[in-house]
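Results of the structural survey
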Amino acid sequence: MIFKVLPILLFVIILGEIYTCHLIYKYTKKKSTTGAYILLLVVIIASLMLYFKGIDQTKGQTAESMHIMALILLFVLPKVAITVILFIEDLYRVSRWSGNKFIFKKPIQNNRRKSLTQIALGVSAFMAISIIYGVVFGKYNFKIHKETIAFHDLPKSFDGMKVLQLSDLHVGSWDNKKAIEKGIEEINKQEYDILLFTGDFVNTLASEADPWISILQQIKTPKYGKYAVLGNHDYGEYVHWETEAMKEENFKQIKENIEKSGFKLLLNENIPLVKNNDTLYILGVENWGTNFKKVGDLRKTSENVPEKAFKIVMSHDPSHWDAEIVGHQQNYQLTLSGHTHGMQFGFNIPNVIEWSPAKYIYPEWGGLYQKGSQYIYVNRGFGFHAYSGRVGIWPEITVLELKKSENK
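Below, the structure is looked at part by part. (Residues numbered from 1 in each chain as written. Predicted model: local features only at pLDDT ≥ 70, side-chain atom pairs only at ≥ 80, totals over all residues. Heavy atoms only, no water.)

**Quick word on the sheet that holds strand E8 (residues 310–314)**
Keep this limit in mind: Two strands form a pair only when DSSP identifies at least two bridges running between them. Numbering goes from the N terminus for both helices and strands, where a helix is a DSSP run of H or I of at least four residues and a strand is a run of E of at least two. Orientation is described by axes fitted as lines to C-alpha atoms, over the contacting stretch for helices, and by angles from 0 to 180 degrees between their N-to-C directions.
Here six strands make up an open sheet; going across it, the order is E6-E7-E8-E9-E13-E12 and the pairing mixed. The sheet is open, and its two borders are formed by strand E6 (269–275) and strand E12 (367–371), each paired with just one other strand. Here the average twist between neighbouring strands, direction ignored, is 20°. In this sheet, strand E7 (residues 278–284) lies alongside E6 in antiparallel orientation, the contact comprising seven bridges. Paired with Ile 271 across the bridge in E7 is Ile 282.

**A closer look at unusual backbone geometry**
How we decide: When a residue's accessible area, from a 1.4 Å probe over protein chains only, is under 20% of the maximum for its type it is buried; when over 50% it is exposed; and in between it is partly exposed.
A positive phi angle, close to 50°, is found at Asp 168, a residue other than glycine. For Asp 168, the position within the fold is in the loop between strand E2 (161–166) and helix H5 (177–189). Overall, the relative accessible area of 0% leaves Asp 168 in the buried class. In this structure, Ala 386 takes a positive phi of about 70° despite not being glycine. Following the sequence through the fold, Ala 386 ends up in the loop between strand E13 (374–378) and strand E14 (396–404). For Ala 386, a relative accessible area of 33% puts it in the partly exposed group.

**Considering the side chain of Ser 157**
Definition in use: N or O atoms closer than or at 3.5 Å make up a polar contact, with two conditions inside protein: a donor-capable atom paired with an acceptor-capable one, and, for residues adjacent in sequence, both atoms drawn from side chains. Working rule for contacts: check all heavy atoms of both residues, and any pair within 4.5 Å makes them a contact.
Relative to the elements of secondary structure, Ser 157 occurs in the loop between strand E1 (143–151) and E2. Looking at Ser 157, its side chain comes within polar contact range of the side chain of Asp 278, at 2.7 Å. For Ser 157, the contacting residues outside a window of four places in its chain are Lys 275, Asn 276 and Asp 278.

**Re the sheet that holds E1**
Taken in spatial order, the six strands of this open sheet run E1-E14-E2-E3-E4-E5, and their pairing is mixed. With one partner strand each, in any of the chains shown, E1 and strand E5 (264–265) form the two edges of the open sheet. Of the strand pairs in this sheet, E1 and E14 are connected by nine bridges, and their pairing is parallel. Along E14, the bridge assignment pairs Ile 149 with Leu 402.

The quantities given are spatial measurements derived from coordinates; they are silent on function.
What follows is the structure in structure tokens.
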């Protein structure tokens, strides 16, 4: 996929630099200023090449590398906006010029419209400001999302049960202790009966959690406890390991650190919750994704769970829901996932529209979805990864209230 998109991306970037040089010269009327920009561009590209060449392949993504990615986005995306707008105008100008010269034989006046240039610059400036805001404020702009879901087969004793869901902590990305403590304060303000964490505890290395375990332990433990599953990043797949034994030791330590942080880790297993004479089952599936690691075993996870029992499935990757869970004879009523982060970019107008590029990759990318009597909630993530910021798709704390419906 990346190799198919790369030529288009390179074309857009190169065209963007051509347009940028043109605009600099247009507004300054100085070749020296344009030359200085080109020199700066060469220095930036050379610096990035040296930086990426020197990356330690045994560490994976770090807070530093994500800040570098933010700088790259700040340098590239505003120019993409300029490119798209001005390129479309240029296609129109070429077609108009051709028509005037060869068909209508009219005098040729084909200058670029100043208003459109100003619009392009305005959109570019807005994108640059948004990226900066996302890095400085957006990535810790925690939002509480609340949903009420009704099920006809919810055991009566669990009517009104509140589930708090967290996902995608990515503790190796965190760089602000006070902001994380504020996020945990927001968690602890909520009323909830059980806490479910749906994977991606770290970026890659177990050691990423060392500064944060004591802080995560401050999350209050509710009546029915705190449970976790693994995400694709928790298997140490994205770095070079000198030996398989080192990778296995890292994986073992990640699992131990999740437990030290106060969660009961479920590895393709289930936990029954009993209240009065009713039972509800929590099923914790290891990672299973159509495009990522497949170690989740739904059959094993469901062992000894009655077919008609009410079940909450924790499965990190929402693609698992469509692939194996929807329509299954076991009737898994509610699935909780994460993974997408909403790509940490998009916009949201409450009760009107929410959009993210993630929707073109994952049919279920953020929020609540329903197929028949089955539901999935996709948490947009508490942390961040790849880019050290969030724009429009803010870090999320989810509270789901389960209600018993009389309607079948």
